[in-house]
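Commentary on secondary and tertiary structure
Now for the letters of each chain:
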Amino acid sequence: MDLSSSSSRSWRFQVFPSFHGADVRVSFLSHLRKQFERNGIIMFNDQEIQRSQIIKPELTRAIQESRILIVVLSQSYASSSWCLNELVEILKCKETAGQIVMTIFYKVDPSDVRKQIGKFGEAFKKTCEGRTQAEIQSWTRALTDVANIKGEHSLNWVNEPDMIEKIANDVSDKLNATPSNDFDGMVELEAHLEKLKSLLHLEKDGAMIAGISGPAGIGKTTIVRALYNQLSSNFPLRYFMENVRGIYRRIDCDQHGLKLHLQEQLLSKILNQDGMKIFHSDVVYERLQNQKVLIILDDVDHLEQLDTLARDVSWFGHGSGIIVTTEDQEILRQHGIKSTYHVNLPSNEEALGIFSRYVFRKRTPANGFKYFSERVVEFCGNLPLGLRVVGSSLRGKNEDEWDVVVHRLETSLARDIERVLRVGYDSLHENDQILFLYIAIFFNYKDNDHVKTMLSSTHVDERHGLKTLVNKSLMDISSKGKVCTSCYNKWVDRRYIDKSLGNGTRAVSGISFDTFETGEVLPSTMNLA
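Just so it is clear, the model here is predicted, and its values are computed rather than measured.

Calculation criteria
- Residues numbered from 1 in each chain as written.
- Predicted model: local features only at pLDDT ≥ 70, side-chain atom pairs only at ≥ 80, totals over all residues.
- Heavy atoms only, no water.
- Helix = DSSP H or I, 4+ residues; strand = E, 2+ residues; numbered from the N terminus.
- Contact = heavy atoms within 4.5 Å.
- Areas by Shrake-Rupley, 256 points an atom, 1.4 Å probe, with all protein chains shown as cover.
- Buried < 20%, exposed > 50% of the residue type's maximum accessible area, 1.4 Å probe, protein only.
- Arc of directions from axis to C-beta.
- Salt bridge = Lys/Arg side-chain N within 4 Å of Asp/Glu carboxyl O.
- Pairing = 2+ DSSP bridges.
- Axes fitted to C-alpha atoms, helices over the stretch in contact; angles between N-to-C directions.
- Phe/Tyr/Trp six-rings, centres within 6.5 Å; stacked < 30°, edge-to-face > 60°.
- Lys NZ or Arg CZ within 6 Å of the ring centre and 35° of its normal.
- Core = buried A, V, L, I, M, F, W, Y, C linked by side-chain atoms within 4.5 Å.

The next thing to look at is the overall build of the protein. Check the secondary structure of the protein and you find 24 helices and 15 strands. Residue pairs in contact within the protein that sit at least 24 positions apart in sequence constitute 74% of those at least 6 positions apart. Entry remark: accessible area of the protein is about 25,700 Å², with carbon and sulfur atoms responsible for 46%.

With that out of the way, let us pick up helix H3 (residues 57–64). By the burial criterion, the buried members of H3 are Leu 59, Ala 62 and Ile 63. Buried residues of H3, viewed axially, fall in a sector of 100°; they line one side. Where H3 is buried, its residues meet strand S1 (13–18), strand S2 (66–73) and helix H4 (81–97).

What the rule picks out here adds up to eleven salt bridges. Among the salt bridges present, the one from Glu 330 reaches Arg 333, with a minimum N-O distance of 3.3 Å. Note that Glu 330 and Arg 333 are positioned in helix H15 (residues 329–334) at a spacing of three residues, about one turn of the helix. Through salt bridges with shared partners, one network takes in Arg 245, Arg 249, Asp 299, Asp 301 and Glu 327.

Before going further, it helps to examine the sheet that holds strand S8 (residues 321–326). The five strands are arranged S6-S7-S8-S5-S9 in an open sheet whose pairing can be described as parallel. Two strands in the sheet have a free side with no partner beyond their single neighbour: strand S6 (237–241) and strand S9 (339–342). Each strand axis lies, on average, 15° off the axis of its neighbour in the sheet, ignoring direction. Along the sheet, helix H12 (residues 255–270) makes contact with S6 and strand S7 (293–300), crossing S6 at roughly 130°.

Evaluation of the coordinates by the stated rule reveals eleven aromatic pairs. Ring geometry for Phe 355 versus Trp 402: centroids 5.9 Å apart, planes at 85°, classification edge-to-face. Of the two residues, Phe 355 is situated in helix H16 (residues 348–360) and Trp 402 in helix H19 (residues 399–409); the sequence distance between them amounts to 47 residues. Three or more aromatic residues joined by ring pairs form one cluster here, namely Phe 355, Phe 360, Phe 369, Tyr 371, Phe 372 and Trp 402. Directly above the aromatic system of Phe 240 lies the positively charged group of Arg 225, at a separation of 4.1 Å from the ring centroid. Of note, Lys 292 hangs over the ring of Phe 235, and the distance from its end group to the ring centre comes to 5.0 Å.

Spatial strand order, S1-S2-S3-S4: four strands in an open sheet with parallel pairing. With partners counted over all chains shown, the strands left at the sheet margins are S1 and strand S4 (152–153), one partner each. Note that S1 and S2 share five bridges and pair parallel. By the bridge assignment for S2, Phe 16 is matched with Leu 69.

Examined against the element boundaries, Gln 305 turns out to sit in helix H14 (residues 303–310). The class for Gln 305 is buried, based on a relative accessible area of 0%. Setting aside anything within four residues of it in sequence, one finds Gln 305 in contact with Val 244, Arg 245, Tyr 248, Arg 249 and Val 300.

Of all hydrophobic cores here, the largest spans 35 residues; its most connected members are Leu 267, Ile 270, Leu 288, Leu 297 and Phe 316. Sorting the residues of this core by element identifies S6, helix H11 (244–250), H12, helix H13 (283–288), S7, H14, S8 and H15 as the ones contributing at least two each. For this core, the element with the highest residue contribution is H12, accounting for six residues. With near-sequence residues (within four places) excluded, Leu 288 lies in contact with Leu 237, Leu 267, Ile 270, Leu 271, Val 293, Trp 315, Phe 316 and Gly 317. Formed by 32 residues, the second largest nonpolar core is a distinct cluster that contains Phe 16, Tyr 77, Leu 91 and Val 101.

Right, dumping it as structure tokens:
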């Protein structure tokens, strides 16, 4: 699916209806159109197009240029090869362009459509007479697929105007949830979303839980918010729980009360019942076990938070999706989350593209600014947060102003960037903080085996410590076996480096050194207060 076309393109029509005119045009459809007009929803009108055996090019374009495609399935729908060919095109657009397909079963049972039986099936068989096997298979597959899309069933409604109002509200909600240009700064966003959707397997039975990990400022929240915007309209109950780490820290009560408070917030938001109070920890399971929900738990930093909010996927109904973001991959493993996705730093080219979008509103730097832009990208260590913060501050500035800002970056880091980077570092045990600084200052981009050998000569527990740094996304080991703390390099340099020593060795605040037989100078003691 090409998510870029659905997330950022402009649509000519908001809704395209596919229907059999004799069944619904002057009755149901005319009332639906009036309700759409009252709700400010623009629906394609095909009255001026002559119907024939094949779809006219202008109708194909209208399907392709409509954000939401509504299929009104009635008893005579399958009597028209025009409708059936239209349906094939609609489902093709759903798969290739990510367009939303909604269904309305008007005085026909969904199972009759799915199995092509009853009066609906009789009409379909008549249409298939004299047709090629390829056409019949294509139509059969399309009818089966569209019947599996949950929609409104007119026979379940006593009052048709109420059903029409509900459909109009659902369409409005889906249009409001459609992402526009909110995420344009995120290069390769569509690729991230595709990988996450494949992890969730939402088309299968049962609930699914997936985890997203990566360093602070890498864009995890941006990615998962875009995914939430795309998926939320398919879930009756949904909640994006931001900053779980912060909520957890702010709650002032004992352990049991803390768990209940977190669950109260989750249930209050997802069930839209403000001020909900619960008195035991099984309430989430009791209330949501049969519900299809979409829940985002953003910025989790403790296993207990996950155990409290999503202890087991059996807590949630079939088709549910639970997505967790964290800097700590170990939390995902401990919770038994097997579907995980690690967000890596963008390449130099991608980072330049991210920065350019924030500054110049296009993919490449403006004329005369490429050198400055490349320096900023280097200073930010390709970190998307840094690229956004610095890029936004440079928008509309001239070359002289750029020169001042870039020079300032060499000596100080934007407060917003440093605050985010410090969170991961401050969460480390003191010994792991020391190990992190060893690597960031002395061993960055060095061979992993060499690093272990050199660190074995110190008091640092390198085996456990290296694993911790990787799990918490403060360090990465490349496919070539090199250790890397790239997005933290500039922060470490400005926070701890004093000056250059002879032989290319750097002096570091509060660190004493030993010289080894290899000629390398390594820290022997640290005082980082």
